[in-house]
Amino acid sequence: FSIIGGPHYSTDTKLGLGLVAAGLYRSDPTDSLSAPSNVSLFGDVSTVGFYMLGVRGVHKFPHDTHRIDYTLYFYSFPCYIWGLGYDMGDNDDNKSKYSRTKFEVMTRFLIPINRYSYLGPIARYQYVHAYKLKDHAPALLAGRPLTVSDVSVGVSYTFDTRDFMLNASRGWFVQADLTANPTFLGNNNTYWSGELQVATYRRAWRGAILAGEFHTRQSVGSVPWPMLSDVGSSNRMRGYYEGRYRDKNVVDAQVELRQHIWHRNGLVVWLGAAEVFPDYGSLRFRSILPNAGIGYRWQFKKGVNV
């Protein structure tokens, strides 16, 4: 169990202070063959009024008979919105300020089918409240509810041959979620979503790992605006303002080269691309969002990087 924290700066949150506590553990101390469970507690606060607190992890029962994959977090963030769809998001003049509070809890209960495959139910609850709408924000949301409470249930499938789930050097990871958001669970409208993530890892040469990922999320029905698929996060399509481009569907892919340099230090370079769209007939080459970058990796715990 290790704790790390310190200052950070980004154009979105300005100057902030973050704290992460990461732990690895085994539910059965006599089992030295299975990969360990993991848990991370994270918190953040910044000068623009952003603050966040959460926990995520994967708990593995003795001898990996079951798995619970969970995430729980809360944040409040004065942020921006450009509208819904690629065309509105690509218009700089639409940039409007508002504040958003969000609470989310998600859990998957996975039962092994064979050595590498798992299947089980998934449930997610999201609460989003938008306030202090300025500039064009009220018009951009076109009268949609500012407060959304959303419950989804479904089934999740995982195929996992990675050698270490937090920092794989070889193997495959496939995760597919099919969820429904019916009105009888308290949702304002009914819609369905399918999400697929396919990632692979392999050694390129001494100290180098080549990683690739394909991800897509597709939705059918009347999707609330905060639950639309979007582009930009700390995991994929880094550098895009999270939520600037949002629509019913998203497709993105990236390839990443991670190179160990010396002791705890490493570098990474990546290339990626994404597109958001309401339906397949709306796909356009001009709407592809490119992404590239370089990063620094510091191993503060064996197998766990910042």
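As a starting point, this report considers the structure included with it. No experiment lies behind these values; they were computed from the predicted model shown.

## Examining empty space enclosed by the protein
One pass over the full model with this rule turns up one cavity of 30 Å³ or more. Size it by volume and the largest cavity reaches roughly 80 Å³. Around the largest cavity, the lining comprises 14 residues; the ones closest to its centre are Arg26, Ser27, Asp31, Ala35 and Lys60. Across the lining of the largest cavity, the residue classes tally to five nonpolar, four polar and five charged.

## Overview of the layout of surface pockets
Taken as a whole, the second largest pocket encloses approximately 440 Å³ of empty space. Residue lining of the second largest pocket: 22 residues in total, with Asn167, Ile209, His260, Arg297 and Gln299 positioned closest to the centre. Residue assignment for the lining of the second largest pocket shows that the elements contributing at least two residues are β11 (208–221), β14 (249–262), β15 (265–277) and β16 (289–301). Within the lining of the second largest pocket, the residues separate by chemical class into six nonpolar, 11 polar and five charged.

## Focus on the environment of valine 198
Secondary-structure assignment places valine 198 in strand β10 (residues 191–205). For the pair formed by valine 198 and proline 7, sequence separation is 191 residues and the distance between their alpha carbons is 33 Å.

## As for the pattern of salt bridges
Summed over the entire model, instances satisfying the criterion amount to 15 salt bridges. In this structure, arginine 244 and aspartate 92 form a salt bridge, with 2.5 Å as the shortest nitrogen-oxygen distance. On the criterion of sequence distance, the pair formed by arginine 244 in the loop between β12 (229–230) and β13 (246–247) and aspartate 92 in the loop between α1 (86–89) and β6 (96–112) is long-range, its members being 152 residues apart. The exposure class assigned to arginine 244 is buried, which follows from its relative accessible area of 16%. Between lysine 102 and glutamate 104 there is a salt bridge, with its nearest N and O atoms 3.2 Å apart. Like glutamate 104, lysine 102 is buried.

## Remarks on a nonpolar patch on the surface
Where nonpolar side chains cluster on the molecular surface, the patch consists of Phe1, Ile3, Leu19 and Leu41 and spans about 450 Å² of accessible area. Along the chain, the position of phenylalanine 1 falls in the segment before β1 (2–10). What makes phenylalanine 1 exposed here is its relative accessible area of 62%.

## Notes on the packing of aromatic side chains
Tallied over the entire structure, the rule returns 14 aromatic pairs. With 6.4 Å between their ring centres and 55° between their planes, phenylalanine 103 and tyrosine 125 make a pair best called tilted. Pair noted here: phenylalanine 103 is in strand β6 and tyrosine 125 is in strand β7 (residues 117–131), with a separation of 22 residues, a long-range link. Exposure remark for phenylalanine 103: the relative accessible area of 28% places this residue in the partly exposed category. Given the relative accessible area of 28%, tyrosine 125 is considered partly exposed. Judged by centre distance (6.3 Å) and plane angle (20°), the rings of tryptophan 298 and phenylalanine 300 are stacked. Since its relative accessible area comes to 11%, phenylalanine 300 is described here as buried. Each residue in the set Tyr80, Trp82 and Tyr241 is aromatic and connected to the rest through ring pairs, giving one cluster. The cationic tip of arginine 56 hangs over the ring face of phenylalanine 42; the distance from NZ or CZ to the ring centre is 4.4 Å. Between arginine 238 and the ring centre of tryptophan 270, over which it is positioned, the NZ or CZ distance is 4.4 Å.

## Observations concerning the pairing of β14
In terms of strand pairing, β11 meets β14 through 10 bridges, oriented antiparallel. Across the sheet, threonine 216 pairs through a bridge with valine 251, a residue of β14. Strand direction decides the pairing type here: β14 and β15, joined by 13 bridges, are antiparallel. Bridging across to β15, tryptophan 262 finds its partner in asparagine 265. Adjacent in sequence and paired antiparallel, β14 and β15 are bridged by two residues, among which histidine 263 carries a positive phi angle near 50°.

The rules behind the values
- Residues numbered from 1 in each chain as written.
- Predicted model: local features only at pLDDT ≥ 70, side-chain atom pairs only at ≥ 80, totals over all residues.
- Heavy atoms only, no water.
- 1 Å grid on protein atoms, 1.4 Å probe; cavity = no way out; pocket = protein on both sides within 12 Å on 5 of 7 lines; lining within 4 Å.
- Points joined across faces, edges and corners; volume = space filled by probe spheres on them.
- Nonpolar A, V, L, I, M, F, W, Y, C, P; charged D, E, K, R; others polar.
- Helix = DSSP H or I, 4+ residues; strand = E, 2+ residues; numbered from the N terminus.
- Salt bridge = Lys/Arg side-chain N within 4 Å of Asp/Glu carboxyl O.
- Buried < 20%, exposed > 50% of the residue type's maximum accessible area, 1.4 Å probe, protein only.
- Patch = residues over 30% accessible without salt bridge, like charges linked within 9 Å, V, L, I, M, F, W, Y side chains within 5 Å.
- Areas by Shrake-Rupley, 256 points an atom, 1.4 Å probe, with all protein chains shown as cover.
- Phe/Tyr/Trp six-rings, centres within 6.5 Å; stacked < 30°, edge-to-face > 60°.
- Lys NZ or Arg CZ within 6 Å of the ring centre and 35° of its normal.
- Pairing = 2+ DSSP bridges.

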